[in-house]
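The primary structure of each chain is shown beneath.
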Amino acid sequence: MIVKVLNITKQLPKGVLPAPILKHCNQYKDEGVKHASKFAWLTLSKYIDLKKVKFNSNGKPYLTNNKKYFSLSHSFDKVAVAIDSKSIGIDIETILPLQIVNMLAKRLLNKQQLTQFFKVKDRSLWFTKYWTMYEAYAKKLGKKLTFDFFKHKIDAKVRTKVIKQPNRNFIFSIVFAK
């Protein structure tokens, strides 16, 4: 398994993006998000041939040869890339402010999850970790992350790491085969 978490720079890594991937990156309205997406794909191009990438009906990218699996994520000034011989998902997020976390938790979590949520000391960290685990799991399965998706049990291995920085903390989760 290869996992890379990098700072996004203004200058893109060297390389050329194939037209379908460039179209995928340009679907974002925000220029910063477009740049982050291109940065992630160009980082991935060091490990796989991007000309062999296709997209499923949910927009999940995959390789046509099925010998390698990959997942991409970006948040603010970070990009995360994961590559493995089996299906894999990765998500990176900035640790969300408590006001937003409280609103989302009430909307997304079931009663049991909410009870656990209100017992933890750092709800922002707990919820953002929870969010990244489920988004990475959805990516691993090739599905869209929907609000009812949080009711599923994650049937895979999960690794999570917090990245602390002076101005913003991040958390990323990787979900992969057992």
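In what follows, the structure referred to is the one given above.
Parameters and conventions
Counting restarts for each chain: residues are numbered from 1 in the order of the written sequence. Residues qualify for local features only when their pLDDT is at least 70, as the model is predicted, and side-chain atom pairs are given and counted only at 80 or more; totals for whole chains, interfaces and linings, by contrast, use all residues. Each side-chain value is worked out from all heavy atoms of the structure, with water and hydrogens disregarded. Secondary structure elements are taken from DSSP: a helix is a run of H or I of four residues or more, a strand is a run of E of two residues or more, and numbering for both begins at the N terminus. The atom set for the radius of gyration is the C-alpha atoms, and the globule formula is 2.2 Å times the number of residues raised to the power 0.38. Any two strands with at least two DSSP bridges between them are considered paired. Simply put, an axis is a line fit to the C-alpha atoms, just over the touching stretch for a helix, and the angle between two N-to-C directions goes from 0 to 180 degrees. Only rings of Phe, Tyr and Trp enter the pairing, Trp through its six-membered ring, and a pair is recorded when the two centres are within 6.5 Å. The plane angle decides the type: under 30 degrees is stacked, over 60 is edge-to-face, the rest tilted. We call two residues in contact whenever any of their non-hydrogen atoms come within 4.5 Å of each other. With a 1 Å grid spanning the protein atoms alone, the term cavity applies to any set of points in which a 1.4 Å probe fits but cannot get out, the term pocket to an open set with protein on both sides within 12 Å along at least five of seven lines, and the term lining residue to any residue with an atom within 4 Å of a point. Grid points are joined across faces, edges and corners, and a volume is the space filled by probe spheres set on the points. Polar here means any residue other than Ala, Val, Leu, Ile, Met, Phe, Trp, Tyr, Cys and Pro, which are nonpolar, and Asp, Glu, Lys and Arg, which are charged; Gly is therefore polar. Salt-bridge detection follows one rule: a side-chain nitrogen of Lys or Arg within 4 Å of a carboxyl oxygen of Asp or Glu. The rule is simple: take the accessible area with a 1.4 Å probe, protein chains only, and divide by the maximum for that residue type; under 20% is buried, over 50% is exposed, in between is partly exposed.

## As for the overall build of the chain
A tally of regular secondary structure across the chain gives five helices and eight strands. When its helices and strands are written in sequence order, the chain yields β-α-α-β-β-β-β-β-α-α-α-β-β. Its C-alpha atoms give the chain a radius of gyration of 16 Å, within 12% of the compact-globule value 16 Å for 178 residues. Across its three principal directions, the C-alpha atoms of the chain cover 50 × 35 × 30 Å.

## Remarks on the sheet that holds strand β6 (residues 88-94)
What the three strands build is an open sheet, ordered β6-β8-β7; its pairing is antiparallel. Taken across any chain shown, the strands that pair with only one partner, and hence form the sheet edges, are β6 and β7 (157-163). Here the strands of the sheet are splayed against their neighbours by 15 degrees on average, with no regard to which way each runs. As defined by bridge partners, β6 adjoins strand β8 (residues 170-176) across seven bridges and the pair is classed as antiparallel.

## Some details on the packing of aromatic side chains
If you walk through the whole model with that rule in mind, you get eight aromatic pairs. Aromatic pair tyrosine 130 and tyrosine 134: ring centres 4.9 Å apart, planes at 45 degrees, arrangement tilted. Here the residue tyrosine 130 and the residue tyrosine 134 both occupy positions in helix α5 (residues 123-141), the gap between them amounting to four residues, near one helical turn. Members of the aromatic cluster, joined through ring pairs, are Phe117, Phe118, Trp126, Phe127, Tyr130, Trp131 and Tyr134.

## Quick look at the sheet that holds strand β1 (residues 2-7)
Strand pairing in a sheet relies on backbone hydrogen bonds, with the paired strands running either antiparallel or parallel. Across the sheet, three strands lie side by side as β1-β5-β4; this open sheet has antiparallel pairing. The open sheet has two edge strands, β1 and β4 (69-75), and neither has a second partner. On average, each strand axis in the sheet is tilted by 10 degrees relative to the strand beside it, whichever way the strands run. Where helix α2 (residues 31-44) meets the sheet, its contacts fall on β1, β4 and β5 (78-84), and the angle it forms with β4 comes to roughly 150 degrees.

## Some words on the layout of surface pockets
Of the volumes computed, that of the largest pocket is approximately 700 Å³. Forming the walls of the largest pocket are 25 residues, and the residues nearest its centre are His24, Tyr28, Leu72, Glu135 and Lys139. Sorting the residues of the lining of the largest pocket by element identifies α2, β4, β6 and α5 as the ones contributing at least two each. Here the lining of the largest pocket is built from residues that sort into nine nonpolar, nine polar and seven charged. Computed from the structure, the second largest pocket encloses a volume of approximately 230 Å³. For the second largest pocket, the lining is made up of twelve residues, of which Gln116, Trp126, Tyr130, Met133 and Tyr134 are closest to its centre. Broken down by secondary-structure element, the contributors of at least two residues to the lining of the second largest pocket are α4 (111-119) and α5. Per-element accounting of the lining of the second largest pocket gives the leading share, five residues, to α5. Residues belonging to the lining of the second largest pocket are distributed by class as follows: five nonpolar, four polar and three charged.

## A closer look at the pattern of salt bridges
As enumerated under the stated definition, the model contains two salt bridges in all. Residue lysine 34 is joined to glutamate 31 by a salt bridge in which the shortest nitrogen-to-oxygen separation is 3.2 Å. Here lysine 34 pairs with glutamate 31, and both are found in helix α2, just three residues apart, close to one helical turn. For glutamate 31, a relative accessible area of 54% gives the class exposed. Across the salt bridge formed by lysine 139 and aspartate 91, the nearest N and O atoms sit 3.9 Å from each other. Highlighted residues: lysine 139 in helix α5 and aspartate 91 in strand β6, separated in sequence by 48 residues. Side by side, lysine 139 and aspartate 91 carry an identical accessibility label, which is buried.

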